[in-house]
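Okay, here's what each chain looks like letter by letter:
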Amino acid sequence: MAKKTVNVAMIGAAFMGKTHSNGWRKVGMFFDPPYTPVMKVACGAPGEDMTVAKEKWGWEEVSNNWEEVVNRPDIDIVDICTPNWLHPPVAIAAAKAGKAIVSEKPLSNSLAEGQAMLDAVKKARVANMCGFSYRFAPAVQKIKQMITKGELGHIFHFRAAYQQDWIVDPNFPMVWRLKKKYTGSGALGDIGAHITDLCHFLVGDVCEVASAMETFIKKRQVPTSNVGGISGTSGKNTGKMDTVDVDDAAVYLGRIKGANTLATFEATRFAPGRRNYNTIEIYGSEGSVLWNQEDMNVFHYFSRKDPGTLQGFRKVQACDPGHAYVGNWWPSGHIIGYEHLFVHEMYEFLCGLKAKKGNYPTFEDAVKCQRVLEAVEKAASSKKWEKV
Ligand code: SOE
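Since we're looking at a predicted model, the values are computed, not measured.

**Student:** Teacher, can you tell me more about the pattern of salt bridges here?
**Tutor:** Two side chains of opposite charge can pair, provided their charged atoms sit close to one another. Applying the stated criterion across every chain yields a total of 20 salt bridges. Residue E386 is joined to K378 by a salt bridge in which the shortest nitrogen-to-oxygen separation is 3.8 Å.

**Student:** Mind showing me how you'd approach the sheet that holds strand β13 (residues 277–284) here?
**Tutor:** Across a sheet, paired strands are connected by hydrogen bonds in the backbone, their directions being either parallel or antiparallel. The 9 strands are arranged β16-β15-β14-β13-β7-β12-β11-β8-β17 in an open sheet whose pairing can be described as mixed. Two strands close off the open sheet at either side, each with one partner strand: β16 (314–317) and β17 (386–387). Where strand β8 (residues 206–214) lies against β17, 2 bridges are found, and the strand directions are antiparallel. From the neighbouring strand, V209 faces β17, where its bridge partner is E386. Running at roughly 155° to strand β12 (residues 262–268), helix α8 (residues 187–202) makes contact with β7 (155–163), β8, β11 (249–256), β12, β13 and β14 (287–292) of the sheet. Taken strand by strand, helix α10 (residues 363–382) contacts β8, β11 and β17, and its axis lies near 55° from that of β8.

**Student:** Is there a simple way to explain the site of the ligand in this structure?
**Tutor:** Around the ligand, the structure places F15, K105, Y134, Y162, Q164, W166, R177, D190, I191, H194, N276 and Y338. In the environment of the ligand, an oxygen atom lies 2.6 Å from a nitrogen or oxygen atom belonging to the side chain of Y134. Here H194 contributes a side-chain N or O atom positioned 2.8 Å from an oxygen atom of the ligand. Relative to its free-state accessible area of 310 Å², the ligand is covered by the protein chains to the extent of 94%. At 3 residues, α8 tops the list of elements feeding residues into the shell around the ligand. Residue composition of the shell around the ligand, grouped by class: 6 nonpolar, 3 polar and 3 charged.

**Student:** Please clarify how the packing of aromatic side chains should be interpreted in this entry.
**Tutor:** What describes a pair of aromatic rings is the distance from one ring centre to the other and the angle between the planes of the rings. Under the defined criterion, the tally for this structure stands at 17 aromatic pairs. Ring geometry for F30 and W330: centres 5.3 Å apart, planes at 80°, overall edge-to-face. One end of the pair, F30, is in helix α1 (residues 15–30); the other, W330, is in the loop between β16 and α9 (338–352), with 300 residues separating them in the sequence. Judged by relative accessible area, which is 15%, F30 ranks as buried. Their ring planes at 75° and their centres at 5.9 Å tell us that Y134 and Y162 sit as a pair that is edge-to-face. Within this pair, whereas Y134 is found in the loop between β6 (128–130) and α6 (138–148), its partner Y162 is found in strand β7, the two being separated by 28 residues in sequence. Residue Y134 is classed as buried on the basis of its relative accessible area of 3%. A residue is classified by how much of its surface remains accessible, and Y162, at 2% relative accessible area, is buried. Taken together, the ring pairs connect F30, F31, Y325, W329, W330 and Y347 into an aromatic cluster. A cation over a ring is seen here: K144 above F201, with NZ or CZ 4.9 Å from the ring centre.

**Student:** How should the pairing of strand β15 (residues 298–303) be read in this particular structure?
**Tutor:** Two faces make up the sheet, and in a regular strand the side chains alternate between them. Across the 6 residues of β15, 5 count as buried, placing the element largely inside the fold. Sheet topology places β14 next to β15; 4 bridges connect them, and they run antiparallel. What sits directly across from S288, in β15, is F302. Taken together, β14 and the strand that follows it, β15, pair antiparallel across an intervening segment of 5 residues.

**Student:** Got a minute to help me understand α8 in this structure?
**Tutor:** Think of an α-helix as turning once every 3.6 residues; residues three or four places apart then point the same way. Helix length check: α8, at 16 residues, gives a terminal C-alpha distance of 21 Å against a target of 22 Å (1.5 Å per residue), a fit within 8%. A bend of about 40° at A193 is the largest found in α8. Burial of α8 is extensive: 16 of the 16 residues sit out of reach of the surface. Positioned one or two residues after α8, G204 has a phi angle of 145°, which is positive.

The rules behind each value
Residues numbered from 1 in each chain as written. Predicted model: local features only at pLDDT ≥ 70, side-chain atom pairs only at ≥ 80, totals over all residues. Heavy atoms only, no water. Salt bridge = Lys/Arg side-chain N within 4 Å of Asp/Glu carboxyl O. Pairing = 2+ DSSP bridges. Helix = DSSP H or I, 4+ residues; strand = E, 2+ residues; numbered from the N terminus. Contact = heavy atoms within 4.5 Å. Axes fitted to C-alpha atoms, helices over the stretch in contact; angles between N-to-C directions. Near = heavy atom within 4 Å. Polar contact = N/O pair within 3.5 Å; in protein donor to acceptor, adjacent residues only side chain to side chain. Areas by Shrake-Rupley, 256 points an atom, 1.4 Å probe, with all protein chains shown as cover. Nonpolar A, V, L, I, M, F, W, Y, C, P; charged D, E, K, R; others polar. Phe/Tyr/Trp six-rings, centres within 6.5 Å; stacked < 30°, edge-to-face > 60°. Buried < 20%, exposed > 50% of the residue type's maximum accessible area, 1.4 Å probe, protein only. Lys NZ or Arg CZ within 6 Å of the ring centre and 35° of its normal. Expected span 1.5 Å × (residues − 1). Bend = angle between axes of the 7 residues up to and from the residue.

Taken by themselves, the reported measurements are silent on function.
As C-alpha cells, then:
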C-alpha cells in the first residue's frame, strides 16, 4: 500500500539547504520511514537565484517569499535552513500555521527567542526538531548505547573540542556568521552548540560553567552581500572595514547536573589545519571512548576489563551493519560520510512525526543548549562560575 506523503517546504538554500535537500531526497531510497516526503518548495532570500534548488536539488517549486510559503495549506513540514536570526520568525509563523518544524542550530540568537520558539511549538502541539546533526553518526549512537548500558561505568570526564580554521586569514570577509545581529554568537553558538548538545545527549545536562572567549581578528572587510545570497562561510570583499562583534573562540568548563562529572569544551575557528575537527573524549570508571568527526566511521574504545598485557585503545569500525543506520546503506566497511547524517536526521524525524517525539533533539533540547551558551557568555564577562 502506498504510504502517506508529507509535503516539505525548505526555507533557506545555502550550505545547510543543500545538506537538508540531500536528506529529504535520499531518505525514502535508503530507509523506510512511515511517511514519504515530497520536496514541494524551496524558498530563498528575496532576489536569490533558486535555479540550483529546482534543477539540481530536486525541489518541485521555488520561491523567494517565506511568509507565503509557511502559510500554504498544502505544506506539512517547514524545514528552516536560514541564517540564525531568521529561525524565530519563521518557526513561530510555521507553528501558528500548524506545521511540523525542523530548524537548524543554534535554535536562535538568544535564550529569550529560543524560549519563544519553544512556547510556540508547544502551544500549537506540532512536532519539532533542532538539527544537531552529529547525534546521527552511527559511532555516536553506539557510544550513547554503551554509556546507557553502563559499559563505561561512572563518567569522570567529558572532553570536547570542535576546531575549525576557515576564518584564520585576516582577509576573510565579514560574513553573517561574524555579526551578532545575524548569528547571536560566534564559534560558541555555531560549533560550541554542537558539542554542548553532544554532552547533554551522551552524559547529562551542564548545570554551571566557567569560561573565556576571544575575538582574535577584530575588524574585517565588508563583502558584497552579507546575508542571503552568499553562504555563511564565504564572500567577496568591498574594501570597507567592519567590527567583528562575536567570539572567534570560546573555552568553557562545566559540571554535570546530579553527577560527579566534569566537562571541558573548546570551540574555535582559529585552529589551522583543523577543518571540521569535532572530537569528543569520554573517560569513565570502566573505560573510555574517543570519536572525531573527521574520521567519523570509527571510534576508539579502551576497556579496563581487558587483560592487563592486552590493554590499549581498540579502533572500532562503526560502519558495519549492526550499528545504527548502517544496514540501510552498504555492506560491511563500505563507509558513509557527513551528508548521510542528514538522511538519518530526516528519517528519525519522519519516524517521530505522528507521536511528535522520537530519537532526535527537540526544541526543548535546543533551549537547554541555548541556556548553556548564555551562561558561557555571562561567565566570560563576569570571570566567575555561572549557573545555567
Ligand atoms: C560552519 O562552522 C558549520 O557549517 C556549522 O554551522 C555547522 O553546524 C557544522 O556542522 C559545520 O560547520
